[in-house]
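# Structure at a glance
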Amino acid sequence: MNKTFHITTFGCQMNEHDSEIMAGLLTDMGYEQVAERKDANVAIINTCSVRDNADKRFFGTLGQLKRRKEADPGFIVCVCGCMMQQQRVIDTIKTKYPWVDIIFGTHNIHRFPELLNNVLRERDKEIEVWEDGREIVEGLPAKRLFKSKALVNIMYGCNNFCTYCIVPYTRGRERSRMPEDIVREITELANDGVCEVMLLGQNVNSYRGGDCDFADLIKLIAEIDGIERIRFMTSHPKDLSDKLIQTFAECDKLCKNIHLPVQSGSSAILGKMNRHYTRESYLELVKKLREAVPDITISTDIIVGFPGETEKDFQDTLDLVSEVRYDSAFTFLYSVRQGTPAAEYAEQIPESIKHERFNRLVDLVNEISAEKNAAYEGRIERVLVEGKSKRNKNALSGRTDGFKLVNFYGDAAMVDRFVDVKITTGKTFSLDGQIVD
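First things first, this report covers the structure right here in the doc. (Residues numbered from 1 in each chain as written. Predicted model: local features only at pLDDT ≥ 70, side-chain atom pairs only at ≥ 80, totals over all residues. Heavy atoms only, no water.)

Summarising burial for strand β3 (residues 42–47): six of the six residues are buried, a large majority. The two faces of β3 match: Val 42, Ile 44 and Asn 46 on one face and Ala 43, Ile 45 and Thr 47 on the other face are all buried. As judged from the five bridges shared by strand β1 (residues 4–9) and β3, these two strands associate in the parallel manner. Bridging across to β3, Phe 5 finds its partner in Val 42. (Buried < 20%, exposed > 50% of the residue type's maximum accessible area, 1.4 Å probe, protein only. Helix = DSSP H or I, 4+ residues; strand = E, 2+ residues; numbered from the N terminus. Pairing = 2+ DSSP bridges.)

Looking now at the side chain of Thr 331. Locating Thr 331 in the fold gives a position in strand β16 (residues 328–333). With relative accessibility at 19%, the residue Thr 331 sits in the buried group. Once residues within four sequence positions are removed from consideration, Thr 331 is found in contact with Ile 302, Phe 358, Leu 361 and Val 362. (Contact = heavy atoms within 4.5 Å.)

As a further point, take the packing of aromatic side chains. Considering all chains together, one arrives at 11 aromatic pairs under this definition. Look at Phe 306 and Tyr 334: their rings are 5.4 Å apart centre to centre, the planes differ by 75°, and that puts the pair in the edge-to-face class. Here the residue Phe 306 occupies a position in the loop between β15 (297–304) and α12 (311–324), and Tyr 334 occupies one in the loop between β16 and α13 (351–374), the gap between them amounting to 28 residues. Residue classification places Phe 306 among the buried residues on the basis of a relative accessible area of 0%. Their ring planes at 85° and their centres at 6.0 Å tell us that Phe 306 and Tyr 345 sit as a pair that is edge-to-face. Pair noted here: Phe 306 is in the loop between β15 and α12 and Tyr 345 is in the loop between β16 and α13, with a separation of 39 residues, a long-range link. A relative accessible area of 29% means that Tyr 345 is categorised as partly exposed. (Phe/Tyr/Trp six-rings, centres within 6.5 Å; stacked < 30°, edge-to-face > 60°.)

Right, let's talk about the sheet that holds strand β17 (residues 380–388) for a bit. Read around the closed barrel, the five strands follow the order β17-β18-β19-β21-β20; overall the barrel is mixed. Strand-to-strand twist in this sheet, taken as the mean axis angle between neighbours without regard to direction, amounts to 50°. The sheet contact formed by strand β19 (residues 405–409) and strand β21 (residues 431–435) spans four bridges and is parallel. Directly across from Tyr 409, in β21, lies its bridge partner Gln 434. (Axes fitted to C-alpha atoms, helices over the stretch in contact; angles between N-to-C directions.)

Shown next as structure tokens:
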């Protein structure tokens, strides 16, 4: 068999890193990653269950593979990720997509090579989904998307049980890696040319490795030679400590950017969401962050149309957005997630009202983003070049310390290096600039 593989990834950066690990495992087995699924002998779909749209995209993608499987019985189809932690999804695949070869979940990625070898050897199906996370497996390989940047899991799972969210049921309870294991991994990454790390966790603020908290961990990582930028994702407001806020001010390597999901500007809705903070306490955190680091950039997540959301609740969200003035925001229509408390709530909001509110929110967010980006015009920003611009294949793109996307013309030799770029135009979603000699 021609040993080639392709991975389709839905969802968050945790899923992206899981896919990097699977790619590393397959590469160690002698497989080659290909850009197109049609050229692969092994196709993996890494699923997300946070939004209803991701569910639909997954089943649509899976359905497209049936004809290929019928024409080529040796073609192997694997499905994994968060959706596989739900028995109803596994039952659906068994019934409607019986030609799928391998099903596994979020807790046993390291078992993938053995599952694949079993299928190749015995020509039988493999279904292995662990309900809970067990001992953290260290030392798994990863095939990174970028030479200069790396995703690093520092913890797994979530203990928050927001009423709309399926993640605690698909990723399990919180488990933190020990700081020495994280430092060892990042040191090896730095030796391999990585200068920027993104620390991953469902709630990095609650990281606890022995006596080491999240702020302590950042300081340990900052001491690693070669690492110039430290980022993290995602930060829960209820656990954002004064110690971490002070770390932003004191640690030069910690990027002056934070993703701080608010979800709603209404304290009443936040209570129904089980978020454990109020509108007022969230705004106090933003105030502290900007007092410590005046130029910090802030992004957020906002859900529109949560059950029981009144027009006043929604107006509270608009008012909060106007007050905080986010650099960017990920906005979502509330979608029912089977198995979560909110799925059973009365007062589900009609789709027409959700969409009308959503459009008003997006207009406000985009207006503020454009204004904030326009203020960058004339500034010189240090940019880590990631590669070709998605908007213009003849240009390059990269990120500032504040995570602003910058497009500019330059030589391909600049990729994976830091360059100084003068911002010429601030747009809604990005900046344009030119290299400074």
